[in-house]
Amino acid sequence: ANASLAANVALGRPCAMSSVHRTSAPCSAAFDGDTNPDMAGGSVIHTNRVAGEASWVTVDLGSTVPVEGVTITHRNAGVGRGNGATVIISATDDFNAADAQQCGGAVTFDAAFEATVYCPGVSGRYVSFVSRTYQFMHIAEMEVMAATSETCSAAFPNGMPFSSASFDNAVT
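Rules and cut-offs
- Residues numbered from 1 in each chain as written.
- Predicted model: local features only at pLDDT ≥ 70, side-chain atom pairs only at ≥ 80, totals over all residues.
- Heavy atoms only, no water.
- Buried < 20%, exposed > 50% of the residue type's maximum accessible area, 1.4 Å probe, protein only.
- Helix = DSSP H or I, 4+ residues; strand = E, 2+ residues; numbered from the N terminus.
- Pairing = 2+ DSSP bridges.
- Salt bridge = Lys/Arg side-chain N within 4 Å of Asp/Glu carboxyl O.
- Disulfide = S-S within 2.5 Å.
- Phe/Tyr/Trp six-rings, centres within 6.5 Å; stacked < 30°, edge-to-face > 60°.

S.K.: Looking at this structure, how should I read the pairing of strand E4 (residues 55–74)?
M.R.: Both faces of the sheet carry side chains from a regular strand, because those side chains alternate between them. In terms of burial, E4 is a largely internal element, 14 of the 20 residues being buried. Pairing analysis gives 14 bridges linking E4 to strand E7 (residues 114–131), with the strands arranged antiparallel. The partner of Pro66 across the bridge, within E7, is Ser123. As judged from the seven bridges shared by E4 and strand E8 (residues 138–147), these two strands associate in the antiparallel manner. Residue pairing across strands places Thr71 opposite Glu143, the latter belonging to E8.

Written out as C-alpha cells, the structure reads:
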C-alpha cells in the first residue's frame, strides 16, 4: 500500500477569526479534527457579518510549509454562504499582503458540505479562508495538507529510494 506523504498540519494550531457570532464555537473548533457539520455538535465556527468587511478564519502553521491542498467542511446549513470564498496562503497573518497567494479557485461546496482546493508550488505559514462578501462564515473543519519530515520518514523508513545522483545519469 502507498503511504500518503500529506498530513493535516493545521490540527490544533493557533487561529483567529474575523468575529465571533453568539452561537459560535471558538476558532480552534475549525482545527480540532472534528468534521461534524451540525451546529449542535459544538465544533462549528460562526462569524458575524459586518457590512463592507471580509469574514475570515486564519490558522498559524508555526513555520513555512509547502501546502498541497486545503479541505474545508462547511456547516450543514447555509452552504451557499461559503461558495465563492477563497483560500489565501501567506508569510504573515495579513491575507491582503503583497506575498499572499490564492490557493486554487473560488470554493464551491459539494453535497457532503466539503470543498478542496489544491495548491501546487505554494508555501506559507498562514492559511486563511476568506469571504469578501457580506456573509456569515460557518466552518466545521479546515484541513491544511502538507508533506512533513514525519510523514516522509514514515513513508520511507530506510531513506529515499533514490538520490539526486540517480538523475545525473538519466537518459532524457
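That was the structure; now back to the text.
S.K.: What exactly am I supposed to notice about the pattern of salt bridges here?
M.R.: Charged atoms that come close allow side chains of opposite charge to pair. This structure, assessed with the given rule, holds one salt bridge. Linking Arg125 and Asp60 is a salt bridge whose minimum nitrogen-to-oxygen distance equals 2.7 Å. Of the two residues, Arg125 sits in strand E7 while Asp60 sits in strand E4, which places them 65 residues apart along the sequence. Owing to a relative accessible area of 29%, Arg125 belongs among the partly exposed residues under this scheme.

S.K.: Could you clarify how one ought to interpret the state of the cysteines in this entry?
M.R.: Formally, a disulfide is one covalent bond, and it connects the sulfur atom of one cysteine to the sulfur atom of another. In this structure the tally under the stated criterion is two disulfides. Residue pairing for Cys15: its cysteine sulfur links by disulfide to Cys27, the two sulfurs lying 2.1 Å apart. In this structure the cystine formed by Cys15 and Cys27 twists about its S-S bond by roughly 95°; its chirality is therefore right-handed. You can see Cys15 sitting in strand E2 (residues 15–17) and its partner Cys27 sitting in the loop between E2 and strand E3 (45–46), a full 12 residues away along the chain. What makes Cys15 partly exposed here is its relative accessible area of 23%. At a sulfur-sulfur separation of 1.6 Å, the disulfide partner of Cys103 is Cys119. With the S-S bond torsion at -70°, the cross-link from Cys103 to Cys119 turns out left-handed. With Cys103 in strand E6 (residues 101–103) and Cys119 in strand E7, this pair connects stretches of sequence that are 16 residues apart. Shown here for the protein chain is a disulfide pattern of 1-2, 3-4, where each number marks a bonded cysteine counted in sequence order.

S.K.: Please clarify how unusual backbone geometry should be interpreted in this entry.
M.R.: Working note: non-glycine residues mostly have negative phi, and peptide bonds are mostly trans. Unlike most non-glycine residues, Phe113 shows phi in positive territory, near 70°. Looking at the secondary structure, you find Phe113 in the loop between E6 and E7. Classification of Phe113 as partly exposed rests on a relative accessible area of 24%.

S.K.: For this particular structure, what's the right way to read the packing of aromatic side chains?
M.R.: What characterises a pair of aromatic rings is the spacing of the ring centres plus the angle enclosed by the ring planes. Applying the stated criterion across every chain, the model contains two aromatic pairs. Judged by centre distance (6.4 Å) and plane angle (85°), the rings of Phe109 and Phe129 are edge-to-face. Note that Phe109 is positioned in the loop between E6 and E7 and Phe129 in strand E7, a separation of 20 residues in sequence.

S.K.: Where do I start with the pairing of strand E5 (residues 86–90) in this structure?
M.R.: With five of five residues buried, E5 is to be regarded as a mostly interior element. On E5, burial covers both faces: Thr86, Ile88 and Ser90 on one face and Val87 and Ile89 on the other are all buried. Across three bridges, E5 lies against E6 in antiparallel orientation. From the neighbouring strand, Val87 faces E6, where its bridge partner is Cys103.

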